[in-house]
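If you want the building blocks of each chain, they are given just below.
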Amino acid sequence: MADFYRELVAILREAGCSLIRSGKGSHEIWFSPITQRPVTVPRTTKSRHTANDVLKQAGLPKQF
């Protein structure tokens, strides 16, 4: 199964999102300037559906 974490983080950084802190377990909390809200990003993102959901929460279009 593919690991989408690196690509997902690259897309978030390109959109101006910034890492706020590490969350519980294998998660990170990012801030989206588009939605003005925090977004939880799992470091073990193995599903394209999860990756697209993170992008949606950050106010970005699907890319996977």
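Residues numbered from 1 in each chain as written. Predicted model: local features only at pLDDT ≥ 70, side-chain atom pairs only at ≥ 80, totals over all residues. Heavy atoms only, no water.

Another aspect to go through is the overall build of the protein chain. Across its full length, the protein chain holds 2 helices and 3 strands. Along the protein chain, helices and strands appear, N-terminal first, in the series α-β-β-β-α. The C-alpha radius of gyration of the protein chain comes to 11 Å, within 12% of the 11 Å expected for a compact globule of 64 residues. With the C-alpha coordinates aligned to their principal axes, the bounding extent of the protein chain is approximately 30 × 25 × 15 Å. By the burial criterion, 33% of the 64 residues in the protein chain qualify as buried. (Helix = DSSP H or I, 4+ residues; strand = E, 2+ residues; numbered from the N terminus. Rg over C-alpha atoms; globule rule 2.2 N^0.38 Å. Buried < 20%, exposed > 50% of the residue type's maximum accessible area, 1.4 Å probe, protein only.)

On to the side chain of Glu-28. Mapped onto the fold, Glu-28 is located in strand S2 (residues 27-32). The exposure class assigned to Glu-28 is buried, which follows from its relative accessible area of 9%. Only 3.0 Å separates the side chain of Glu-28 from the side chain of Trp-30, close enough to count as a polar contact. Discounting chain neighbours no more than four positions away, the residues touching Glu-28 are Tyr-5, Leu-19, Arg-21, Ser-22, Gly-23, Val-39, Thr-40, Val-41 and Arg-43. (Polar contact = N/O pair within 3.5 Å; in protein donor to acceptor, adjacent residues only side chain to side chain. Contact = heavy atoms within 4.5 Å.)

Another point: the sheet that holds strand S3 (residues 37-42). With antiparallel pairing, 3 strands are arranged side by side in an open sheet as S1-S2-S3. Two strands in the sheet have a free side with no partner beyond their single neighbour: strand S1 (18-22) and S3. Recorded for the sheet is a direction-independent mean angle of 35° between the axes of neighbouring strands. As paired elements, S1 and S2 share 4 bridges and run antiparallel to each other. Across the sheet, residue Ser-18 finds its bridge partner in S2, namely Phe-31. (Pairing = 2+ DSSP bridges. Axes fitted to C-alpha atoms, helices over the stretch in contact; angles between N-to-C directions.)

Note that Asn-52 resides in helix H2 (residues 48-57). Every residue in contact with Asn-52, bar those within four places of it in the chain, is listed here: Lys-62, Gln-63 and Phe-64.

Let's shift gears to the pattern of salt bridges. If you walk through the whole model with that rule in mind, you get 1 salt bridge. For the salt bridge of Arg-43 with Glu-28, the shortest nitrogen-to-oxygen distance reads 3.2 Å. With a gap of 15 residues between them, Arg-43 in the loop between S3 and H2 and Glu-28 in strand S2 connect regions that are remote in the sequence. (Salt bridge = Lys/Arg side-chain N within 4 Å of Asp/Glu carboxyl O.)

These results come straight from atomic positions and should not be treated as a statement about function.
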